[in-house]
Each structure stands twice: as C-alpha cells, then as structure tokens.
Amino acid sequence: MTDIKRLFDFAYYQLEHKPNDSALVTKYNGVWTPMSTKEYLNKANAVSRALLKMGIQKNDKIAVISSTNRTEWNIMDIGVLQIGAQNIPIYPTICAEDYEYVLNHSEAIYCFVSDVEVLEKVNKIKANTKIKEVYSFDQIKGCKHYSELFDLGKDESNQPEVESRKDAVKSEDLATIIYTSGTTGKPKGVMLSHWNITSNVLDSSPRVPLSDTGETRILSFLPICHIFERVLIYVYQYAGTSIYFAEALDKIGDNAKEINPNLMSVVPRLLEKVFDKIMLKGEELTGIKKALFFWAVGLGERWEPYGANGAWYEFQLKIANKIIFSKWREALGGQLGTMVSGSAALQPRLARVFGAAGMRVMEGYGLTETSPVVSVGFYGDNMYKVGTVGKPIPNVEVKIADDGELLIKGPNVMMGYYKDQEKTDSVMTGDYFHTGDKGEIDADGFLKITGRKKEMFKTSGGKYIIPTLLENDLKQSLFIEQVMVIGEGEKMPAAFIQPNFDFVRDWIEHKGHNIGTSDAEIASSEIVIKRIQREVDKYNEKFGNWERIKRFELTSEIWGIDNGLLTPTMKMKRDIIKGYYKELYDKIYRA
C-alpha cells in the first residue's frame, strides 16, 4: 500500500513498510508492555468483526473517553473507522452534564471508557442518552470489559464483510466529530473527514524529525482526544516509530527517564512548569555552582538558531551544555532532542533556553477546524525562527485579511460544525476558514501570531479566557474603576486595575488609615492592595480555577480618553494599555 487516503491506512502502511515490534507501548502493573504492528491490527480487526455482529452500521457513532493515552484507544480507533462508523473522542475531565450533551448531540450508541472515574460520570447520565452499553479498558466490577469484543470477534467468518466495509470508506467520508471546549454556550462539534486529517498528517510529516529506521521513541501524554496529539499519533505510525504512552502528567519525568524519548509534544504551560522547577533548584544552589547555573541560563536566554551568535557564543554554550544543560536533559531521559509545541503561544524565552539546552522546541499553529496543523517550525532546511510558528505546511494556504485576520484554505479545513450550518457559514468565506486570530507573514515566509481578533484568549495551558466576563464582574466593586484582564499565552490570568480613587480616599478617611491619598500613594499602598485582593477573591469565586485572576497590579493613572487609554466611546484600547504598562506586565510574569 502506498496510497494513503483514510486514517486507518497509516497502520496498514506501517505493517507493510515499517513493521515494529513495539509500535504501541503502555505500562500495565508497572511493566511497559509493547504491542507489535501486526497484533495491533489483528486486535483492531477483531473489534471490527465484533462491532458488525453488534449491528453497527455505516455512520454510527461510538464514543471513546480515556483519562490517559493508551494502546486500547488506538485499537478502538481503527476498529471503528474501518467499518465506516465514527469515533467520537470526549475530554475525560469535563463534567457529567457535558458528557450528556456530547453523547446526545453526537447520537453515540456505544461508549468505551478508561477507568472507574470516567465510568461513574457516564453512569450518572447514561439513562438520558442513546447509549446501549458501556465498555471499559480497565477491569471494573459491574462493567463489561472491552476484551469481550475480542471474544465476540474471534470468529473470522465475517472478516470479508469488514474488508468490504473498509473498501467502501471514501476519503471524503466523515471520520470523527471533535467537540471543542468552549467557554460560552455548548461545545461545537467539528466534523473532520478522513482526508481532512490524512492530508494534514502527510503534509506535516516532513516537518517532524523522525528516524527512518523506526528507532525513534516517542513519549505521548497530551490528550489524544484533542486533534493535535491525535494527528501526531498518525504521524508517528506513518514513520514506524515506537509510541510510549505516559502513565499520567505527573509521571512524565519518571517515564522519560525510563524510556529515553527522542521526541514528545508539549504545551507551553508544561514547559513553564518544567522551567520553574529547574529555576527553583537553581535558587537552592550556593557559591560557584549557583553562579554557573545562572550564567548558563543567561546564556540560554540569548540563544539564536544556526549559530547566529557567532563562534565565541557557541564555545561558551558548549561549556554550559557540559556542566549545566546536560543535567536538564538527563532529567528528561537524556535523548530528548525535539519538542513539538502547540495549543497556545510559547514564550520566546522558553524557546531560547530549551533550544540552547539542546532540546529544541518547534512551535506550531492550528485549530481543531483545520485538522489542526497550519504551520510548524522545523530545524532542518532553515525553517525555524524563534517567536514564529514556522512556515505554512504544503497544500495549506494562509491568507491575511484586510483586518489582519488569518484565513485558511486547504484540504485540512473541516467539513463544518455538526448540526449547525448557520455557525459553519459564519466562519467560512468560500473555501476560506476564518480563524479569529490575527497574524502576519514576514519576508522569509514565517508566520507570526499577533493576537486575537476577538478579545477571548488562551493561557499557555490551552484554557480559554473571556476577559469581559471577569472585567464586568470585578467592576461591580466600589474599589475598582477600570480593570483589564491579561495573560494570553501566559500560565495564568492576571489584571491591571485602576482603583476608584475617590471612593478609596473616602474609605481611607473612614477607616483612619495612616497612608497618603494621592493617586500614586494609593496605588502603591499595601493596605489598599490587600483590600482590593479581597474584592478580587470574592469575584473569582464564580469562575473556574483556570479563569481566576491570580495576580494584579494597581495603576496610578486614571485611564482616560486624553491619555489615549480609552476610545471616545470609553472602551479600553487593550493593546495600548498593555504596552503602556509593560513594566507592570513584566513584574507579574517575568519577575
């Protein structure tokens, strides 16, 4: 097979061209347990035969909810897709009510879950859905185990029907519906065809530095229910690599030391946490060791790719790598050369420091609606530049609209939103998808994301924040006159707050506090800051933990039309305010 047009073709391609005895590796009872390409497909075919005996028809929907990435998820994926049905992946961490919505909206009739926690949430709402049966990957008392499908599919007499169904699946057929985690209203079901995703895998693959020998080891831990990691899994299968599924987020370090991965995907928030831990350890050092540590970090913060800083810098970097950065690499297995970053904007500082440490971070850009990759950096062929998301991949066109919005055209653009033609039409102009993001392409062809067309943004952990919701609540406080929520691409939301100076002066007098009453004195007063912290804490309560304001800084100026911080209609000029208070911004996020 050389003509790959459907998602399940990748595993068959691997079996024919790059069979691997450790194609998928999951840890069970403390032991890494490999599964070969052949066994993987044998089990997938058994699942397909069982599903046919269970009456599964073309375009039936089967939900899969797993707390961690694991071999079973991939077996189910092929077993479902190759008989013309659709795999509906669901985020494990959403609430039971959202499970109910997605299961009903997608009309799923069977559900496969990973563990007790997920099962309990499904069982709460199962009676309100069309789910006929729930199967689990873990052995759970009172729940059918998914191995029952292997028993049911053991008889191969209906394999010809599987082959017939497989041959009937067209590249333009619907493969999956991925429900985006929106912060307003209900999640949208993004319909992606086999070719939407398959074309994206084929066009992205040359940008991923993988060995042709199949020796590359991958550590997979970002949720496979998200299209970013799912596409990468297909990329890895196409390359014939060994994919190791991490036990959990908090086990990544341990798992990396055990398997020595060459590559893994990350989100910026994870890198921030890793970096923060490294810096804390650096602070604990003393004397010459501490001096050398921070010398190396400072060197890393100036790193540029391709030796652009010159021979003297590269000589110093070799020393830093030997005495400092080598220890960083050892903490992640010692063989990690590349990390692919997506989901949110990456701080250039992190790209430089990890790049200097020999663990290059290739930042990419995409959306669920674009399957997802639009562009991605690649260290080879001079296709990498810090602060950009690389160059658009082949066959994907990026167009900059008059207002700076990025429009995307290509075979990766979704079929539409499930059961919502109106919403689909609202984001499409002809064949171009409106991303809602603003960006620019530099003279060398690198894409840079410059902001959001709308005010909603993501933190570095990939969580959406709607600033106006927080701002409108906070401005109910008598202590707060203006507030602007910040934090796009950062690890947490924060805010600039302009106090209601007149009210605060009255409050100071009433309380008899011995502090100055000028605007500058109020904004710098610890007493005032603590009082406004109580206000922030109060309004934070109604929001999710990821949305809450974690830090704020008071401003000593009144935001007005005259100083250019507000429009004539008294709306905040967000970009202007952010630039105006750059020092406060750095104090919050860079101190």
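How each quantity is defined
- Residues numbered from 1 in each chain as written.
- Predicted model: local features only at pLDDT ≥ 70, side-chain atom pairs only at ≥ 80, totals over all residues.
- Heavy atoms only, no water.
- Helix = DSSP H or I, 4+ residues; strand = E, 2+ residues; numbered from the N terminus.
- Rg over C-alpha atoms; globule rule 2.2 N^0.38 Å.
- Buried < 20%, exposed > 50% of the residue type's maximum accessible area, 1.4 Å probe, protein only.
- Contact = heavy atoms within 4.5 Å.
- Areas by Shrake-Rupley, 256 points an atom, 1.4 Å probe, with all protein chains shown as cover.
- Lys, Arg positive; Asp, Glu negative; His and termini not counted.
- Charge placed at Lys NZ, Arg CZ, Asp CG, Glu CD.
- Axes fitted to C-alpha atoms, helices over the stretch in contact; angles between N-to-C directions.
- Parallel < 35°, antiparallel > 145°, perpendicular 65-115°, else oblique.
- Left-handed = near helix turned anticlockwise from the far one by under 90°.
- Nonpolar A, V, L, I, M, F, W, Y, C, P; charged D, E, K, R; others polar.
- 1 Å grid on protein atoms, 1.4 Å probe; cavity = no way out; pocket = protein on both sides within 12 Å on 5 of 7 lines; lining within 4 Å.
- Points joined across faces, edges and corners; volume = space filled by probe spheres on them.
- Pairing = 2+ DSSP bridges.
- Salt bridge = Lys/Arg side-chain N within 4 Å of Asp/Glu carboxyl O.

Any chance you could explain the overall build of the protein here in plain terms?
If you tally the helices and strands in the protein, you get 21 helices and 27 strands. The C-alpha atoms of the protein give a radius of gyration of 26 Å, which matches the 25 Å a tight globule of 591 residues would have. Projected onto its principal axes, the C-alpha positions of the protein cover 85 × 60 × 50 Å. Counting every position in the protein, which comprises 591 residues, the buried fraction comes to 55%. Of the contacts made within the protein by residues no fewer than 6 positions apart, 67% connect residues no fewer than 24 positions apart. Carbon and sulfur atoms provide 50% of the accessible area of the protein, an area that totals close to 26,000 Å². Each charge sign in the protein was given a centre, from 75 positive and 79 negative side chains, and these centres are 2 Å apart.

Sorry if this is basic, but what is going on with the packing of helix H1 (residues 9-17) against helix H9 (residues 227-239) here?
When two helices pack together, their arrangement is given by the angle between the helix axes and the distance between those axes. Across the interface, H1 lies against H9 with an axial gap of 8 Å and an inter-helix angle of 20 degrees. The angle between H1 and H9 falls in the class roughly parallel. When you trace H1 past H9, the crossing you get is left-handed. Taking contact as the criterion, the partners of Phe10, Ala11, Tyr13 and Gln14 in H1 are, on H9, Tyr234, Tyr236, Gln237 and Tyr238. Classifying every residue of the contact of H1 with H9 by side-chain character gives six nonpolar, two polar and no charged.

Sorry if this is basic, but what is going on with empty space enclosed by the protein here?
The probe, sized like a water molecule, is rolled over the atoms to show the empty space still left. Under the defined criterion, the tally for this structure stands at one cavity of 30 Å³ or more. There is about 50 Å³ of room inside the largest cavity. Split by residue class, the lining of the largest cavity holds six nonpolar, three polar and two charged.

Would you take a moment to explain the pairing of strand E25 (residues 480-486) for this structure?
Two faces make up the sheet, and in a regular strand the side chains alternate between them. Most of E25 is tucked away: six of the seven residues are buried. Sheet topology places E25 next to strand E26 (residues 494-499); six bridges connect them, and they run antiparallel. Bridge pairing in E26 places valine 485 opposite alanine 495.

Looking at this structure, how should I read the environment of valine 116?
Tracing the backbone through its elements, the reader meets valine 116 in helix H5 (residues 116-125). For valine 116 and cysteine 143, which are 27 residues apart along the polypeptide, the C-alpha to C-alpha distance reads 9.4 Å.

How should I be thinking about the side chain of histidine 105 in this particular structure?
Examined against the element boundaries, histidine 105 turns out to sit in helix H4 (residues 96-106). Its relative accessible area of 16% is what places histidine 105 among the buried residues. Ignoring sequence-local partners within four residues, the contact set of histidine 105 consists of Tyr179, Tyr418 and Lys419.

For this particular structure, what's the right way to read the pattern of salt bridges?
When the charged atoms of two side chains lie near each other, side chains of opposite charge can form a pair. According to the stated counting rule, one finds 29 salt bridges in the structure shown. Close ionic contact of aspartate 173 with lysine 58 constitutes a salt bridge, the shortest N to O distance being 3.0 Å. With aspartate 173 in the loop between helix H7 (159-168) and strand E8 (174-179) and lysine 58 in the loop between helix H2 (37-53) and strand E3 (61-65), this residue pair connects regions lying 115 residues apart in the sequence. Residue classification places aspartate 173 among the buried positions, given a relative accessible area of 18%.

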